[in-house]
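These are the residues of each chain, in order.
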Amino acid sequence: MTLVERKTRFFALYKIESKRADDVIAGLDKFWKDYGELVRSITSDNGIEFTSWSFLEHVQKDLGVKMYYSTPSSPQERGTNERKNRELRKYLPKGQTFYAVTQRKLEDIAYKINMKPMLKALNGRSPVELFEIEYRRLTRYKRAYDKRKQNQMAQQLAKQQENKTE
C-alpha cells in the first residue's frame, strides 16, 4: 500500500497481505500508528479494497477521517501518487512478486525516494526535509489546540460547579 502526503510529497509504503478489505485495514492501521495524528483526509483510487463497507466504516467511524475518491480512469487526479509509484517501480519492477519483499525493504526504498530533492515541486528540497518541518508545525499546533480545548472544558466545568452551588 502506497501513501503520499500531498503537501510535502512524503512517501510511505506498507506491506499488506492482499487487497482484501481486512488486510488493507491492517495496513492502514500500521500507517495510522505512525502518522495518524496528522491525517485529515484520505483520497484513494476506486479499487474494491477501498470501497468495501468495512473499510469505509473503519476510516470514517473508527478513525474519524474523511474519505475521498478520484474519478474512475483519471490518474491525473492522483498525480503525486502515480509519480511516486513510478519511482517505486525503479526498485521493484512491474511483474515482480511482493511476497519476498519485507517491510524493512519497503522502508529503505521509501527512505531513498523521500531523500531525493524535487526540483520543481519542492524547489529543490527533499520530501523528508519538508515533512519534518510540517510535522513539527502540526504537532505544535495540535498541542496548542489541545491545551486551549482543556482550558475551555475546565472553564465550563467551573461554571457548572458555580451554578450548582448557587
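Residues numbered from 1 in each chain as written. Predicted model: local features only at pLDDT ≥ 70, side-chain atom pairs only at ≥ 80, totals over all residues. Heavy atoms only, no water.

Within an unreviewed UniProt entry, the label attached to the protein reads IS30 family transposas, and the organism entered is Weissella oryzae.

Q: Would you mind showing me how to read the overall build of the protein here?
A: From N to C terminus, the protein includes 6 helices and 4 strands. Taken against the 2.2 N^0.38 rule, which gives 15 Å for 166 residues, the C-alpha radius of gyration of the protein at 20 Å runs more than 25% over that of a compact globule. Considering only C-alpha atoms, the protein reaches an extent of 75 × 40 × 30 Å along its principal axes. Within the span of the protein, comprising 166 residues, buried residues form 35% of the whole. For the protein, the proportion of contacts with a sequence separation of at least 24, taken over those separated by at least 6, is 58%. When the 34 positive and 22 negative side-chain charges of the protein are each reduced to one mean point, those points stand 6 Å apart. (Helix = DSSP H or I, 4+ residues; strand = E, 2+ residues; numbered from the N terminus. Rg over C-alpha atoms; globule rule 2.2 N^0.38 Å. Buried < 20%, exposed > 50% of the residue type's maximum accessible area, 1.4 Å probe, protein only. Contact = heavy atoms within 4.5 Å. Lys, Arg positive; Asp, Glu negative; His and termini not counted. Charge placed at Lys NZ, Arg CZ, Asp CG, Glu CD.)

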